[in-house]
Amino acid sequence: MCAAPMIPSPEAYFGGLLPARDPLLQHLEQEAQREKIPIVGPVVGELLHLLATLGQARQVLELGTATGYSALFLARACKPLGGRVLTVEGDPHMAARAQSNFETADLAAAIELRQGDALDVIRRLSGPYDLIFMDIDKSAYRPALPDCRRLLRPGGLLVADNTAFRDADAFNRAIAADPGWRALHLYAFLPGHSPEKDALTLALRR
């Protein structure tokens, strides 16, 4: 039996099928490209929105805010359920820019931004959270893992970005070997993501 033919030039093809975004998100994408700010881009942003919606997430924790691009997708998913996003950013300049973007999007009431070191902040949190999105320094992923497990409710979802980075190796191996998680490492083409060929890790807290 012959295999069905694949779409030619799949990266160009799927790059042309990006989800629709509002002017603020498009502005943040252009700003990120111009200033070399790493953001998740429209595909991963839409994935976060879908995961939060499907999980009916009301309490979301984000580690790594930057200009607030991904937090906007998460907040728009949980706001209809009366939910909130707590997002943590280490850089005070980026935190100020993100807060301004949340106000522009009329989502400031649905997003709490804390400026500080993510590892320090999460040690003081009590949870529980329905979803955690992690996008901080990759070398901090492994040290953050025990607190992520503590803070997630059973059945909650951890999503980690940039897990194809070398510094994420210890995290990848630890979560794959831990029976407390059911983890999937997904290497993919992610148009608009920084970088566009990278991995995401999705892990269900058992």
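Residues numbered from 1 in each chain as written. Predicted model: local features only at pLDDT ≥ 70, side-chain atom pairs only at ≥ 80, totals over all residues. Heavy atoms only, no water.

Peer 1: Mind showing me how you'd approach the overall build of the chain here?
Peer 2: Within the chain, the regular secondary structure consists of eight helices and seven strands. Against the compact-globule benchmark of 17 Å for 206 residues, the chain has a radius of gyration of 17 Å, which places it among compact chains. With respect to the principal axes defined by its C-alpha atoms, the chain has extents near 55 × 40 × 30 Å. Each of the 206 residues in the chain was classed as buried or not, and the buried ones make up 49%. Counted over contacts in the chain with a minimum sequence separation of 6, partners at least 24 positions apart contribute 72%. Looking at the chain as shown, the accessible area adds up to about 10400 Å², and 55% of this sits on carbon and sulfur atoms. (Helix = DSSP H or I, 4+ residues; strand = E, 2+ residues; numbered from the N terminus. Rg over C-alpha atoms; globule rule 2.2 N^0.38 Å. Buried < 20%, exposed > 50% of the residue type's maximum accessible area, 1.4 Å probe, protein only. Contact = heavy atoms within 4.5 Å. Areas by Shrake-Rupley, 256 points an atom, 1.4 Å probe, with all protein chains shown as cover.)

Peer 1: Teacher, can you tell me more about the side chain of Ser 70 here?
Peer 2: Mapped onto the elements of the fold, Ser 70 is located in helix α4 (residues 69-78). For Ser 70, the side chain forms a polar contact with the side chain of Glu 62, separated by 2.3 Å. In contact with Ser 70, not counting residues within four places along its chain, are Val 40, Leu 48, Glu 62 and Phe 133. (Polar contact = N/O pair within 3.5 Å; in protein donor to acceptor, adjacent residues only side chain to side chain.)

Peer 1: Can you help me understand the side chain of Arg 205 in this one?
Peer 2: As for its position among the elements, Arg 205 is in strand β7 (residues 197-205). Buried charged residue Arg 205 carries no salt bridge. Nearest counter-charge: Asp 178, at 9.4 Å. Arg 205 has contacts with Arg 149, Leu 152, Arg 153, Pro 154, Gly 155, Gly 156, Gly 180 and Trp 181, leaving out every residue within four places of it along the chain. (Lys, Arg positive; Asp, Glu negative; His and termini not counted. Salt bridge = Lys/Arg side-chain N within 4 Å of Asp/Glu carboxyl O.)

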